Amino acid sequence: MPADSTTKSAYETFLSAACERLGYSDTIASLLTLAAMEIKVEIPIVRDNGELAIFTGYRVQHQNARGPCKGGLRYHPQVDLDEVRGLASLMTMKTALVNIPLGGGKGGITCDPKALSLRELETLTRKFVKRIHREIGPNSDIMAPDMGSNARVMGWIHSEYSAIYGHSPAAVTGKPVSLGGSAGRETATGDGIGMVIREYARHRNLALDGMTAVIQGFGNVGINTARALQRLGIRVTAISDSRSAVYRAEGIDLDALIQRKRERGSLAEAPEHEEIEPAALLETKCDFAVPAALENAITEKNAGRISARAVVEGANGPLTCEADRMLRERGIDVVPDILANAGGVIVSYFEWIQNLQREVWPVERVESELDRIIGNAAREVFIHAREKGLDMRSAAFDIAVARVKEALDATGF
Ligand code: NAD
């Protein structure tokens, strides 16, 4: 969702607009805005050099009327309470929009995971769980990977939590498959973005074959989106990581770039690819621009130069409110984050179900269920937008807010 000074303030803007359209009171808008619980902990660890360092960790549980809180754990130097709050509330809207029985939560530790050794990262993660274990669990709050964390980190969380409560795989998702992780979780967000773009094309009567896309971000979401779009016949002409961006008119060679990144730690000077200015990547002429890295990738400074047919929000909150308005006025569709990148939480939900029921689903079942759930949500948003004359984000918010409100009403106050 658009993020101005903080993701939360933009969330409030869109939420209150949705509440107004739906005729809800200010009290209901406040109830949907405020987090149910906010946790902040200090985590001291001994670094490899023998020195003591203190990190700050957060977990925000925004809403659980529709089910246990669900959301990622972010490891990044810019993590703070405001960011985590905004992202937690976004998760409430995301789980409601795709209609899975979960609420919204988010967590983070303010750290640079690249500057920590594996031992330091493991110690930090385990200590974080020791601090907050009473507040998380399969029926209350289920963590998952986000920027800077991954399946390995989720494995440590699983191990630490299970050491206290006994074997509890459903307490965390995005785990390695050997620990009860789901087939298809690693690629789920990118796969989901591909499915949403396919539905978008159907809705707009477009043939995908031969269309072009550019992607900002070369992590889990960026890489798996690139693969999913290539499978649809879309030519991904440019992609970037935090330091460099590359372009290839006939389409990037994804495997070669992955290898290059593994060997050199960067996409720079990749053979047969032209290096372009990272800041200009999203302005490259294309059909779909997919910001899949950080917040605020598109602001009022560059929104006027975006020349895509549609911006598809792979990251959470990659547009500021002002950029969102500018793109709307220019007739550029914005497919909102709460729909576009919901594939990750949907397959996390499948992982949770499998763990609770001691089942193991084949990847084909994961993929077809993901397609069914995210495909239904996308069609619902696009049809609602058309019928009500709304942009896609407002339509998505109206559906999600109404669903959370209905659950709150049903629980009684
Ligand atoms: P990741 O850590 O795997 O990758 C992030 C990528 O962004 C890396 O390639 C990094 O180099 C790049 N990056 C960092 N700073 C950048 C900058 N200033 N400019 C350009 N690129 C930059 O993270 P991820 O899991 O791919 O998550 C990316 C975004 O997608 C986040 O907003 C996250 O909240 C959202 N998201 C992730 C998932 C998931 O399943 N992983 C699900 C939903 C939403």
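No experiment lies behind these values; they were computed from the predicted model shown.

Turning next to the site of the ligand. Near the ligand there are 21 residues, and of these Arg74, Asp146, Thr189, Phe218 and Val221 occur at the shortest range. Between the ligand and Gly148 there is a distance of 3.3 Å, counted from an oxygen atom to a backbone nitrogen or oxygen. Residue Ser242 places a main-chain N or O atom 3.1 Å away from an oxygen atom belonging to the ligand. Considered on its own, the ligand offers 820 Å² of accessible surface; in the complex 82% of this is hidden by protein. Tallied by class, residues from the shell around the ligand come to seven nonpolar, 10 polar and four charged.

The domains assigned to the chain are domain 1 (35–169) and domain 2 (188–340). Taking only C-alpha atoms into account, the centre of domain 1 sits 27 Å from that of domain 2. Both faces combined, the contact of domain 1 with domain 2 buries some 800 Å², and carbon together with sulfur accounts for 57% of it. Per-residue buried area on domain 1 facing domain 2 is highest for Leu90, Lys94 and Leu97; these three make up 45% of the total on that side. Where domain 1 meets domain 2, there are one salt bridge. Here Glu295 and Arg74 are joined by a salt bridge, their closest N and O atoms 2.9 Å apart. Along the contact surface separating domain 1 from domain 2 lie two residue pairs in polar contact (both at pLDDT 80 or more).

Let us now look at the packing of aromatic side chains. Where two aromatic rings form a pair, the distance of their centres and the angle of their planes describe that pair. Overall, the coordinates contain seven aromatic pairs when judged by the stated rule. Ring geometry for Phe14 against Phe397: centres 6.0 Å apart, planes inclined by 45°, an arrangement best described as tilted. Note that Phe14 is positioned in helix α1 (residues 7–22) and Phe397 in helix α13 (residues 392–411), a separation of 383 residues in sequence. Every member of this aromatic cluster is reached through a ring pair, and the members are Tyr349, Phe350, Trp352 and Trp361. Above the face of the Trp361 ring, Arg365 is positioned so that its terminal group lies 3.9 Å from the ring centre. Stacked on the ring of Tyr24, the Lys or Arg Lys405 has its end atom at 4.6 Å from the ring centre.

Here helix α5 (residues 151–165) is 15 residues long and its end C-alpha atoms lie 20 Å apart, about the 21 Å a rise of 1.5 Å per residue gives. For α5, the complete set of buried residues consists of Ala151, Val153, Met154, Gly155, Trp156, Ile157, His158, Glu160, Tyr161 and Ser162. Packed against the buried residues of α5 are β3 (69–76), α4 (118–132) and β5 (141–145). Put simply, Asn150 is the residue that caps the front of α5, since its side-chain oxygen is 3.2 Å from the backbone nitrogen of Arg152. In the segment just after α5, Gly166 is the residue with positive phi, at about 85°.

The rules behind the values
- Residues numbered from 1 in each chain as written.
- Predicted model: local features only at pLDDT ≥ 70, side-chain atom pairs only at ≥ 80, totals over all residues.
- Heavy atoms only, no water.
- Near = heavy atom within 4 Å.
- Polar contact = N/O pair within 3.5 Å; in protein donor to acceptor, adjacent residues only side chain to side chain.
- Areas by Shrake-Rupley, 256 points an atom, 1.4 Å probe, with all protein chains shown as cover.
- Nonpolar A, V, L, I, M, F, W, Y, C, P; charged D, E, K, R; others polar.
- Domains from an automatic or database assignment.
- Buried area = accessible area lost by both parts, 1.4 Å probe.
- Salt bridge = Lys/Arg side-chain N within 4 Å of Asp/Glu carboxyl O.
- Phe/Tyr/Trp six-rings, centres within 6.5 Å; stacked < 30°, edge-to-face > 60°.
- Helix = DSSP H or I, 4+ residues; strand = E, 2+ residues; numbered from the N terminus.
- Lys NZ or Arg CZ within 6 Å of the ring centre and 35° of its normal.
- Expected span 1.5 Å × (residues − 1).
- Buried < 20%, exposed > 50% of the residue type's maximum accessible area, 1.4 Å probe, protein only.
- Contact = heavy atoms within 4.5 Å.

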